[in-house]
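A look at the structure
So the chains spell out like this:
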Amino acid sequence: MADVSVKQLAETVGAPVDRLLKQMQDAGLTHKSEDEMVSEDERQTLLGFLKQSHGESAEAPKKITLKRRSTATLKAGQGRSGRNVSVEIRRKRTYVKGGDVSDEQKTAAAAQDAGPSQSELEAKRIRDEDTARKVAEEQTRNVEAERKADVERKAEEERIAAEQLAAQQEEQRIAEEATKTKTQETKKPTETAADIQAKEQAAEKGGKRVKGKEKDRKSPNAGRGDGKNRRRELSLKSERRTRRKQPRHRQAPLQVDQQGGEFKPTEFISREVEVGELNSVGDLAQNMAVKAGEVIKTLMGLGVMATINQTIDQDTATLVVEEMGHKVVHVSDDVLEEQHVASLQIEGNIVGRAPVVTVMGHVDHGKTSLLDYIRKTRVTTGEAGGITQHIGAYSVDTPAGSVTFIDTPGHAAFTSMRARGARITDIVILVVAADDGVMPQTEEAIQHAKAAEVPMIVAINKIDLEGADPERVTNELSAKEVVPEEWGGDTQFVKVSAITGEGVDTLLESIVLQAEILELGAIEEAPGHGVVVESRLDRGRGPVATVLVQNGTLQQGDIVIAGECYGRVRAMLDDNGNPTKTAGPSQPVEVLGLNGTPAAGDDFSVVSDERSARELAEFRSDKSLEHRQALQQASKLENMFANMAEGEKRVLKLVVKADVRGSLEAIVQALAEIGNDEVSVQVLGSGVGGISESDATMAVTYGAVVFGFNVRADKSAKLHLEREGIDLRYYSVIYELLDDVKSVLSGMLSPEVREEIVGVAQVRDVFRSPRFGAIAGCMVIEGNVVRNKPIRVLRDNIVIYEGELESLRRFKEDVNEVRNGTECGIGVRNYNDVRSGDQIEVYDTKEVAREL
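The rules we used
Residues numbered from 1 in each chain as written. Predicted model: local features only at pLDDT ≥ 70, side-chain atom pairs only at ≥ 80, totals over all residues. Heavy atoms only, no water. Helix = DSSP H or I, 4+ residues; strand = E, 2+ residues; numbered from the N terminus. Buried < 20%, exposed > 50% of the residue type's maximum accessible area, 1.4 Å probe, protein only. Contact = heavy atoms within 4.5 Å. Areas by Shrake-Rupley, 256 points an atom, 1.4 Å probe, with all protein chains shown as cover. Axes fitted to C-alpha atoms, helices over the stretch in contact; angles between N-to-C directions. Parallel < 35°, antiparallel > 145°, perpendicular 65-115°, else oblique. Nonpolar A, V, L, I, M, F, W, Y, C, P; charged D, E, K, R; others polar. Patch = residues over 30% accessible without salt bridge, like charges linked within 9 Å, V, L, I, M, F, W, Y side chains within 5 Å. Salt bridge = Lys/Arg side-chain N within 4 Å of Asp/Glu carboxyl O. Lys, Arg positive; Asp, Glu negative; His and termini not counted. Charge placed at Lys NZ, Arg CZ, Asp CG, Glu CD. Pairing = 2+ DSSP bridges. Arc of directions from axis to C-beta. Phe/Tyr/Trp six-rings, centres within 6.5 Å; stacked < 30°, edge-to-face > 60°. pLDDT = per-residue confidence, 0-100. Left-handed = near helix turned anticlockwise from the far one by under 90°. 1 Å grid on protein atoms, 1.4 Å probe; cavity = no way out; pocket = protein on both sides within 12 Å on 5 of 7 lines; lining within 4 Å. Points joined across faces, edges and corners; volume = space filled by probe spheres on them.

Focus on the overall build of the protein
Counting secondary structure elements, the protein contains 22 helices and 39 strands. Across the 852 residues in the protein, those meeting the buried criterion constitute 36%. Partitioning the intrachain contacts of the protein with sequence separation of at least 6 by distance along the chain shows that 68% fall at a separation of at least 24. Only carbon and sulfur atoms are counted for the fraction: they give 48% of the accessible area of the protein, which is about 50,300 Å².

Following this line, the structure appears as structure tokens:
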């Protein structure tokens, strides 16, 4: 036997390693660790020592004992309810060398063969008791299951007997009804045929129900003696109980069958289906109480491929609902917004209000100095308390009336206000320095005012300087289509000086005169409504919004919604910085209490309760996200012509920036000459220099495309255009720019449809076919006759029918094309009045893109 370690020997004999090492040391062996190897002689030495310590002889063994373990499986119980039990069998046999066995050893061997030790006997007894207990429990369960099966079988037999009795009674009732019907027919000969047919159908339905019950009654009795069929009956117990609960003698007015968990009515019911702007196929099917597959099938018939989760527009949903026989009820997705707008429509006495004026101009042209002079010279001690600059809002009292000035934070904010549709500005004052003339920012201000359609007053400042030349400024502005009234235009020109105050009174009078022309008015006794001028987040007071009341009166404690923000007005500060309780039309105030900072230009209004304000704010936030995503796709240059209404003049809006003035003028002039009655180009903004953020804001506001000629966009403008999905293109050759604009305008033109004659066939004879009707035997005299092409039938060179080919044959074989000089048979779809001598003209239509 091979050498083993002390640890392996301990595991073999079933003794701890420490105990085995101690016994080996007592036997005179030198092993001290469990990893040392033990030879065969050392094992014999250890065995002899152990036998001596137990009083046995250390001689060589005279006998050998063999042990064997095996595992068997016993089945406890009967039938399928029985279970398998694993049993371990242990066997032991001892062999003794003959002739060398003493009486004592024979007695010990006999005792050893007699059986296992006391511990093994105890373990066996416990296992036997456990097995016996499990077998007894299994037998008890089997007896209980058989008893329940007998009870259920008896109940099933009683139920079947009751069903048979009910079926007999049903048959008797049907027979009595049939006899009564015949009697009534003989007594009432004037009964209509429709009534007789309805009663016959009712009798047939009753007979079918009885047959179905008899069929269900036969199925459980077919295999009563078989155990498998008996178990199948038990598994169908719940289904039969459900079937038994259904009404037997009453016929419902609407029969429904259930399949797949969805009820499908056998009789059509016309419903009123609400259709919004966007509807998913699944929701539409649910509203019509039909399966989604039916809606998808109808859509496929209309040429629309959609899945159950796909959304369709309102027009397509209307066609589907009407096609399926239901009534359409159009609902708007902007219900909350419409209700809010309806609540703002109030009636009352209209009173005049102060005009709202925005001062714009180039840097260092004296805009701020002019406002400072107006503020200093117009401070009064009256009720208004004079004017004080307060977060961009001014209120000035003049002998002719009050004027409100709004100091917008640059042109970008002004354009953002116009983009949100807020008419916060009634009049624009354009400040131009008399010694500097028209500058790029001045041109930008003119473009903003024209795009917003706001009346403009020109203030020529710095006329007190020696180099002032007001006439040059007037000429330059006239070149920009800003013509003074003295020259036949509609713009007021006022010469002022912010240092000496010359012309300031005339400027204020011009503002009041322009306000009287506009006939500005508002209703004071109404809930407040207006526009957000600006907003910020104050560390101590939280969100602070500067608002301008345009209509009604804003009071402290009102619940206000401003864009996507809402809240209760906790405090208000007027234009002097003093707390106030109310704010009337054309009065700017600071409002505290909103849950966020609304954007400049957002509308604000007073609502009835906080819940409606919160719901409307969340709705606006979702709509803003959807609009931004749709705008990114709609503003692409390649898809722009697809979003324009047919029949209207289509305009391509551009913002052009160039490196020098000569190139810019040439580009703008060339773009103005491109176009016709259907399409044209409109340059919203142009200038010299790089593309700034204000240019990007203008393009986003009016849906324009930005062109850069030898210039580039700065980082902020580029990020703004990318975020909003506006197209930005760079050019270095003017002809490439013009070619791209021409190609886009050509794509915006509606295509031209042209017809091309493919072939002409002359009818020589007409045959009759039971399948196709009249078949014309023809000779192709020009071109080729092609299947699946539209045709015209000509008689005496006059078109008498337009349609398409139904069959094209040559020598009884279907062909796709017949060439010139070849005979063939032609069948015209839905037309049988073909005569000998007619001509069949085959043509094709093509859409040809138009070019400028």
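Here we look at the packing of helix α1 (residues 6-13) against helix α2 (residues 17-26)
At a minimum axis distance of 9 Å, the contact between α1 and α2 shows a crossing angle of 105 degrees. Considered as vectors, α1 and α2 are oriented roughly perpendicular to each other. Across the interface between the two elements, Val6, Lys7, Leu9 and Ala10 from α1 touch Val17, Leu20, Leu21 and Met24 from α2. For the contact of α1 with α2, the class distribution of residues is 7 nonpolar, no polar and 1 charged.

Quick word on a positive patch on the surface
A cluster of basic residues, Lys67, Arg69, Lys92, Lys124 and Arg127, forms a positive patch on the protein surface. For the positive patch, the elements supplying multiple residues, two or more each, are β3 (63-76) and α5 (118-187). Judged by relative accessible area, which is 60%, arginine 69 ranks as exposed.

Comments concerning the sheet that holds strand β25 (residues 587-594)
Think of a sheet as strands paired side by side through backbone hydrogen bonds, with each pair either parallel or antiparallel. Strand order in the closed barrel formed by 6 strands is β19-β20-β25-β23-β22-β26, with antiparallel pairing between adjacent strands. For this sheet, the mean inter-axis angle between neighbouring strands, taken without regard to orientation, is 45 degrees. When strand β22 (residues 559-562) meets strand β23 (residues 565-573), the two strands line up antiparallel, connected through 4 bridges. Its bridge partner lying in β23, isoleucine 559 is registered against arginine 568.

Quick look at the environment of serine 605
Mapped onto the secondary structure, serine 605 falls in strand β26 (residues 603-607). The class for serine 605 is buried, based on a relative accessible area of 3%. With 47 residues separating them along the chain, serine 605 and aspartate 558 place their C-alpha atoms 9.5 Å apart. If we skip the residues at most four places from it in the chain, serine 605 touches His340, Leu344, Gly528, His529, Ile559, Val560 and Ile561.

Points about helix α9 (residues 281-288)
For α9, the complete set of buried residues consists of Val281, Leu284, Ala285 and Met288. Viewed end-on, α9 has its buried residues packed into an arc of 100 degrees, placing them on one side of the element. As for α9, its buried residues are in contact with β7 (272-275), β8 (278-280), α10 (292-301), β9 (311-313) and α11 (314-323). Note on α9: the residue one or two positions beyond its end, alanine 289, has a positive phi of about 60 degrees.

A closer look at the sheet that holds strand β30 (residues 728-731)
Sheet architecture is open: 4 strands sit in the order β28-β27-β29-β30, paired in parallel fashion. Each edge of the sheet is formed by a strand with only one pairing partner; in this case those strands are β28 (679-688) and β30. Averaged over all adjacent pairs, the angle separating strand axes in this sheet is 25 degrees, with direction ignored. One ladder, built from 5 bridges, connects strand β27 (residues 650-658) with strand β29 (residues 705-709); its direction is parallel.

Concerning the pairing of strand β12 (residues 356-361)
For β12, the tally of buried residues reaches 6 of 6 residues, placing the bulk of the element in the interior. By the alternation rule, side chains of β12 split into Val356, Thr358 and Met360 and Val357, Val359 and Gly361, which are all buried. Note: β12 against strand β14 (residues 401-406), 3 bridges, orientation parallel. Its bridge partner being in β14, threonine 358 is matched across the sheet by isoleucine 406. Pairing between β12 and strand β15 (residues 427-433): 5 bridges, direction parallel. Counterpart to glycine 361 in the pairing with β15 is valine 431.

Notes on the pattern of salt bridges
Opposite charge on two side chains lets them pair, provided their charged atoms get close. Inspection of every chain in the model, using the stated rule, returns 29 salt bridges. Where aspartate 150 meets arginine 153, a salt bridge forms, and the shortest distance between an N and an O atom there is 2.2 Å. Note that aspartate 150 and arginine 153 are positioned in helix α5 at a spacing of 3 residues, about one turn of the helix. We classify aspartate 150 as partly exposed; its relative accessible area is 34%. Close ionic contact of glutamate 755 with arginine 792 constitutes a salt bridge, the shortest N to O distance being 2.6 Å. Of this pair, glutamate 755 sits in strand β31 (residues 752-769) while arginine 792 sits in strand β34 (residues 790-795), and the two are 37 residues apart along the sequence. Here the salt bridges share partners, and the residues they tie into one network are Glu755, Arg792, Glu802 and Glu841.

Notes on the packing of aromatic side chains
According to the stated counting rule, one finds 2 aromatic pairs in the structure shown. For the ring pair phenylalanine 707 and tyrosine 731, a centre distance of 5.2 Å and an interplane angle of 70 degrees mean the geometry is edge-to-face. A residue pair is termed long-range when its members are at least 10 positions apart, and phenylalanine 707 in strand β29 and tyrosine 731 in strand β30 qualify at 24 residues. For tyrosine 731, a relative accessible area of 7% puts it in the buried group. Centroid distance tyrosine 801 to tyrosine 831: 4.4 Å. Interplanar angle 15 degrees. Geometry classified as stacked. You can see tyrosine 801 sitting in strand β35 (residues 798-810) and its partner tyrosine 831 sitting in the loop between β38 (823-828) and β39 (839-848), a full 30 residues away along the chain. In this pair, the class of tyrosine 801 matches that of tyrosine 831, namely buried.

Here we look at the confidence of the model for the protein
Chain-level statistics for the protein give a pLDDT mean of 76 and a share of 77% at 70 or above. Per-element mean pLDDT across the protein ranges from 42 in helix α7 (residues 227-235) up to 93 in β29. In this model residues 207-263 is a low-confidence stretch, pLDDT under 50, and it forms 55 contacts with partners more than four residues away in sequence or in other chains. When the criterion is pLDDT under 50, residues 378-391 qualifies, and its contacts beyond four places in sequence or with other chains add up to 34 contacts.

A look at the environment of alanine 704
Within the element layout of this structure, alanine 704 appears in the loop between α20 (693-702) and β29. Along the primary structure alanine 704 and aspartate 727 are separated by 23 residues, whereas in three dimensions their C-alpha atoms are 8.3 Å apart. Every residue in contact with alanine 704, bar those within four places of it in the chain, is listed here: Lys653, Leu654, Val655, Leu684, Ala699 and Ile726.

Focus on the packing of α10 against α11
At a closest axis distance of 10 Å, the pairing of α10 and α11 adopts a crossing angle of 110 degrees. The angle between α10 and α11 falls in the class roughly perpendicular. Remark: the crossing between α10 and α11 carries right-handed chirality. Counted together, Val295, Thr298 and Leu299 of α10 and Thr316, Val320 and Glu323 of α11 form the full contact between these two elements.

Things to note about the pairing of strand β17 (residues 492-495)
Both strand β16 (residues 456-461) and β17 contribute to a ladder of 4 bridges, which runs parallel. Across the sheet, alanine 459 pairs through a bridge with valine 494, a residue of β17.

Focus on unusual backbone geometry
Its identity is not glycine, yet lysine 462 carries a phi of approximately 60 degrees, on the positive side. By the secondary structure assignment, lysine 462 is in the loop between β16 and α16 (470-479). We classify lysine 462 as partly exposed; its relative accessible area is 23%. Within the chain, glutamate 481 stands out as a residue other than glycine whose phi angle is a positive 65 degrees. Structurally, glutamate 481 is set in the loop between α16 and β17.

As for empty space enclosed by the protein
Summed over all chains, the structure comprises 2 cavities of 30 Å³ or more. Looking at the largest cavity, its volume works out to about 40 Å³. Lining the largest cavity are Val547, Leu554, Val560, Ala562, Val591, Leu594 and Phe604. Of all elements in the fold, only β22 and β25 reach the threshold of two or more residues within the lining of the largest cavity. Each residue belonging to the lining of the largest cavity can be placed in one class, and the counts come to 7 nonpolar, no polar and no charged.

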